[in-house]
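# Per-entry structural report
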Amino acid sequence: MGQLRVTGLRAEEVDEALVLAQLMDPCLGGDAWRADALAVCEATGHERIVLARRGTGPLCGLGRYRLDDPEAVHPTLRLLELVAFDLTRPGPIATALVDEILQRARACGCEAVRIEAALMGPAQTIDLAIAGGVCRLHSVF
């Protein structure tokens with residue numbers, strides 16, 4: 001098993017990445033993915049897709065992000081999608097994708113990350129708020 005590499009999506013990898021994109025959205029069709037991914041590859045905008053693979057093996061991870069307000073002194077990184085696939089341990093792949101995305105964002109001056117999620121129940125929302133540092137719980141005892 002080769003070393004894990006994370007690189008930017010290239011046009012010649014778009015079709016190979018379809019399977020990972022469909023893990024995020026099973027209804028995503030090949031033509032729709034191809035058009036969207038190629039637009040991201042060829043654009044000079046602030047949305048990017050990165051891919052992970054082990055050595056020369058198949059793709060095992062996909063991350064998509066955008067810089068919000070890129071002209072600001074400190075734009076915000078918005079993590080749009082992240083999918084990692086491994087038979088036993090997808091966590092290290094996800095971590096490698098996030099590490100690469102954060103390095104790229106810091107190089108552009110980002111100091112904050114934004115992640116949007118569907119509304120969930122109170123317990124999950126509190127967990128996210130605590131993990132995001134926007135909630136502190138205090139008790140006398």
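Only a predicted model underlies this, so the values are computations on that prediction, with no experimental measurement involved.

The next subject is the layout of surface pockets. Estimates place the volume of the largest pocket at around 360 Å³. The set of elements that each furnish at least two residues to the lining of the largest pocket consists of strand E5 (112-115) and helix H4 (122-131). At four residues, the largest contribution of residues to the lining of the largest pocket is made by H4. Across the lining of the largest pocket, the residue classes tally to 10 nonpolar, two polar and two charged. By volume, the second largest pocket is sized at about 170 Å³. Taken together, 10 residues make up the lining of the second largest pocket; nearest its centre are Pro58, Leu59, Cys60, Phe85 and Asp86.

What follows deals with the sheet that holds strand E2 (residues 47-54). A sheet is described by the order of its strands in space; here five strands give the open sequence E1-E2-E3-E4-E5, paired in mixed fashion. Of all strands in the sheet, those with a lone pairing partner are strand E1 (4-8) and E5, marking the two edges. Averaged over all pairs of adjacent strands, the angle between strand axes in this sheet comes to 30°, irrespective of strand direction. In this sheet, E5 lies alongside strand E4 (residues 76-84) in parallel orientation, the contact comprising four bridges.

A few words on a nonpolar patch on the surface. Taken together, the side chains of Leu23, Phe85 and Leu87 define a hydrophobic patch exposed on the protein surface, amounting to about 360 Å² of accessible area. Relative to the assigned elements, Phe85 resides in the loop between E4 and helix H3 (91-107). By relative accessible area, which is 44% here, Phe85 ends up partly exposed.

The terminal C-alpha atoms of helix H2 (residues 30-42), which comprises 13 residues, lie 18 Å apart, in line with the 18 Å expected from a rise of 1.5 Å per residue. Every buried residue of H2 is accounted for by Trp33, Ala37 and Val40. Axial view of H2: buried residues confined to an arc of 55°, hence all on one face. Exposed side chains of H2 directed beyond 90 degrees from the buried face belong to Asp31, Ala35 and Glu42.

Time to look at the packing of helix H1 (residues 14-24) against H2. Running from N to C, H1 and H2 point in directions that differ by 115°, and their axes come no closer than 10 Å. For H1 against H2, the interelement crossing comes out right-handed. Residues Val14, Asp15, Ala17, Leu18 and Ala21 of H1 form the contact with H2, whose own contacting residues are Gly30, Trp33, Arg34, Ala37, Leu38 and Cys41. Partitioning the contact of H1 with H2 into residue classes produces eight nonpolar, one polar and two charged.

Once that is clear, we can look at the side chain of Glu47. Its location among the elements puts Glu47 in strand E2. Polar contacts involving the side chain of Glu47 include one to the side chain of Arg64, which spans 2.6 Å. Separated by 3.2 Å, the side chains of Glu47 and Arg66 make a polar contact. Residues within four places of Glu47 in sequence aside, it is in contact with Val40, Arg64, Tyr65, Arg66 and Leu80.

Tallying each qualifying case throughout the model produces 14 salt bridges. Between Asp36 and Arg64 there is a salt bridge, and its shortest N-O distance comes to 2.6 Å. Of the two residues, Asp36 sits in helix H2 while Arg64 sits in strand E3 (residues 59-68), which places them 28 residues apart along the sequence. By relative accessible area, which is 33% here, Asp36 ends up partly exposed.

Conventions and cut-offs
- Residues numbered from 1 in each chain as written.
- Predicted model: local features only at pLDDT ≥ 70, side-chain atom pairs only at ≥ 80, totals over all residues.
- Heavy atoms only, no water.
- 1 Å grid on protein atoms, 1.4 Å probe; cavity = no way out; pocket = protein on both sides within 12 Å on 5 of 7 lines; lining within 4 Å.
- Points joined across faces, edges and corners; volume = space filled by probe spheres on them.
- Helix = DSSP H or I, 4+ residues; strand = E, 2+ residues; numbered from the N terminus.
- Nonpolar A, V, L, I, M, F, W, Y, C, P; charged D, E, K, R; others polar.
- Pairing = 2+ DSSP bridges.
- Axes fitted to C-alpha atoms, helices over the stretch in contact; angles between N-to-C directions.
- Patch = residues over 30% accessible without salt bridge, like charges linked within 9 Å, V, L, I, M, F, W, Y side chains within 5 Å.
- Areas by Shrake-Rupley, 256 points an atom, 1.4 Å probe, with all protein chains shown as cover.
- Salt bridge = Lys/Arg side-chain N within 4 Å of Asp/Glu carboxyl O.
- Buried < 20%, exposed > 50% of the residue type's maximum accessible area, 1.4 Å probe, protein only.
- Expected span 1.5 Å × (residues − 1).
- Arc of directions from axis to C-beta.
- Left-handed = near helix turned anticlockwise from the far one by under 90°.
- Contact = heavy atoms within 4.5 Å.
- Polar contact = N/O pair within 3.5 Å; in protein donor to acceptor, adjacent residues only side chain to side chain.

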